[in-house]
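So you can see what is in the structure, the chains are spelled out below.
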Amino acid sequence: MKVLIVDDEEMIRGVLKEYVEFEGGTAYEAADGMQAVKLCRDNDFDIILMDVMMPRLDGFSAVKEIKKIKNIPVIMLSARGEEYDKLFGFEIGVDDYVTKPFSPKEVMARIHAILKRGAQENANDIVTFEGLTIDMVGRNVLVDGEKVELTPKEYEILFYFVKNKGIALTREKLLMDVWGFDFYGDDRTVDTHIKMLRSNLKQYRKFIVTLRGLGYKFEV
């Protein structure tokens, strides 16, 4: 669970980060909306906790910018509990709205509820590219109707490629998002795993395109 916490109050960010990490998640912090948008451009998050009133770029404006580039669930945090603010938030795609002061335990419960709902909505995520069928939830991959066995890391790489179809991905970004930011490896780790994945995909290895000097792209 990767959570982006956006609030100009360091104390609030600290408390929420502590609760996220206590439950085994990874918390990233931003002090204003501009920082949040930049982080979302460079990283993938499971959910965002977004304050409304912040300097430089307010929470509502930040959400609108983020929604242009990625579809990430958002919980708004605000000292203002007016119905107008909540309705506006829902109109721009906010998933939930928590009024300050709040209980960190309640925020965590709302996070889990949204992520669980999202998992259920994606329960039928099965995609097909020619003779290659990928069941994202069942973790099944079929090549011309025959199931192929992949390692857990190969599944993660393939699913990540599919979710970022058509996007150029550097080796560094693959290391960061698939292996984790604290992984101490090098580019050869990525290349080795992709070589094995390509071998398992047989003729459909063609969908994983090498970008010389940069990385890879899943292109169909």
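In case you missed it, the structure is sitting above this.
Cut-offs used in this document
Residues numbered from 1 in each chain as written. Predicted model: local features only at pLDDT ≥ 70, side-chain atom pairs only at ≥ 80, totals over all residues. Heavy atoms only, no water. Axes fitted to C-alpha atoms, helices over the stretch in contact; angles between N-to-C directions. Helix = DSSP H or I, 4+ residues; strand = E, 2+ residues; numbered from the N terminus. Parallel < 35°, antiparallel > 145°, perpendicular 65-115°, else oblique. Contact = heavy atoms within 4.5 Å. Nonpolar A, V, L, I, M, F, W, Y, C, P; charged D, E, K, R; others polar. Pairing = 2+ DSSP bridges. Salt bridge = Lys/Arg side-chain N within 4 Å of Asp/Glu carboxyl O. Buried < 20%, exposed > 50% of the residue type's maximum accessible area, 1.4 Å probe, protein only.

Asker: Would you mind going over the packing of helix H2 (residues 33-42) against helix H3 (residues 59-69) with me for this structure?
Answerer: Helices that pack against each other are described as a pair by the angle of their axes relative to one another and the distance between those axes. It is at 9 Å that the axes of H2 and H3 come closest, and there the two elements cross at 10°. On the basis of the axis angle, H2 is roughly parallel to H3. Taking contact as the criterion, the partners of Gly33, Ala36, Val37, Cys40 and Arg41 in H2 are, on H3, Ala62, Glu65, Ile66 and Ile69. For the contact of H2 with H3, the per-class residue count stands at six nonpolar, one polar and two charged.

Asker: For this particular structure, what's the right way to read the sheet that holds strand S6 (residues 126-129)?
Answerer: Note on sheets: strands pair through backbone hydrogen bonds, and any given pair is parallel or antiparallel. Spatially, S6-S7-S8-S9 is the arrangement adopted by the four strands of the open sheet, whose pairing is antiparallel. Edge positions in the open sheet fall to S6 and strand S9 (146-148), since each of these has one partner strand only. With direction set aside, neighbouring strand axes in the sheet form an average angle of 25°. In the sheet, strand S8 (residues 140-143) pairs with S9 via three bridges, with the strands oriented antiparallel. Its bridge partner being in S9, Val141 is matched across the sheet by Val148. Sheet contacts for helix H6 (residues 152-163): S6, strand S7 (132-135), S8 and S9; angle to S7, the most-contacted strand, approximately 100°.

Asker: It is not clear to me how the pattern of salt bridges should be interpreted in this structure. Could you clarify?
Answerer: Pairing is possible between side chains that carry opposite charge, provided their charged atoms lie close to one another. On inspection of all chains with the given rule, the structure shows 16 salt bridges. Here Lys100 makes a salt bridge to Asp51, at a shortest N to O gap of 3.1 Å. Placement of the pair is Lys100 in the loop between strand S5 (96-99) and helix H5 (104-121) and Asp51 in strand S3 (residues 47-51), with a sequence separation of 49 residues. The same class applies to Lys100 as to Asp51, namely buried. Ionic pairing is found between Glu156 and Lys153, a salt bridge with its closest N-O pair at 3.5 Å. Separated by three residues within a single helix, Glu156 and Lys153 lie in helix H6, roughly one turn from each other.

Asker: In this structure, what is going on with the pairing of S8? I would like to understand it.
Answerer: Regular strands have side chains that alternate between both faces of the sheet. Burial along S8 is one-sided: the face carrying Val141 and Val143 is buried and the face carrying Asn140 and Leu142 is not. Alignment of S7 against S8, held across four bridges, turns out to be antiparallel. Opposite Leu132, over in S8, you have Val143 as the bridge partner. The turn linking S7 back onto S8 is made up of four residues, and Arg139 within it adopts a positive phi angle of 55°. In textbook terms, the turn of a hairpin is the stretch between consecutive antiparallel strands, and for S8 and S9 this stretch comprises two residues, one of which, Asp144, has a positive phi near 50°.

Asker: Got a minute to help me understand the sheet that holds S3 in this structure?
Answerer: Judged by pairing direction, the sheet is parallel, and its five strands sit side by side in the order S2-S1-S3-S4-S5 without closing on themselves. Both outer strands of the open sheet, strand S2 (26-30) and S5, are each paired with one neighbouring strand and no more. Direction aside, neighbouring strands of the sheet carry axes that sit 20° apart on average. Pairing of S3 with strand S4 (residues 74-78) involves four bridges; the strand directions are parallel. Across the sheet, the residue bridging to Ile48 is Val74, located in S4. Sheet strands in contact with H3 are S3, S4 and S5, and its direction is about 150° off that of S3.

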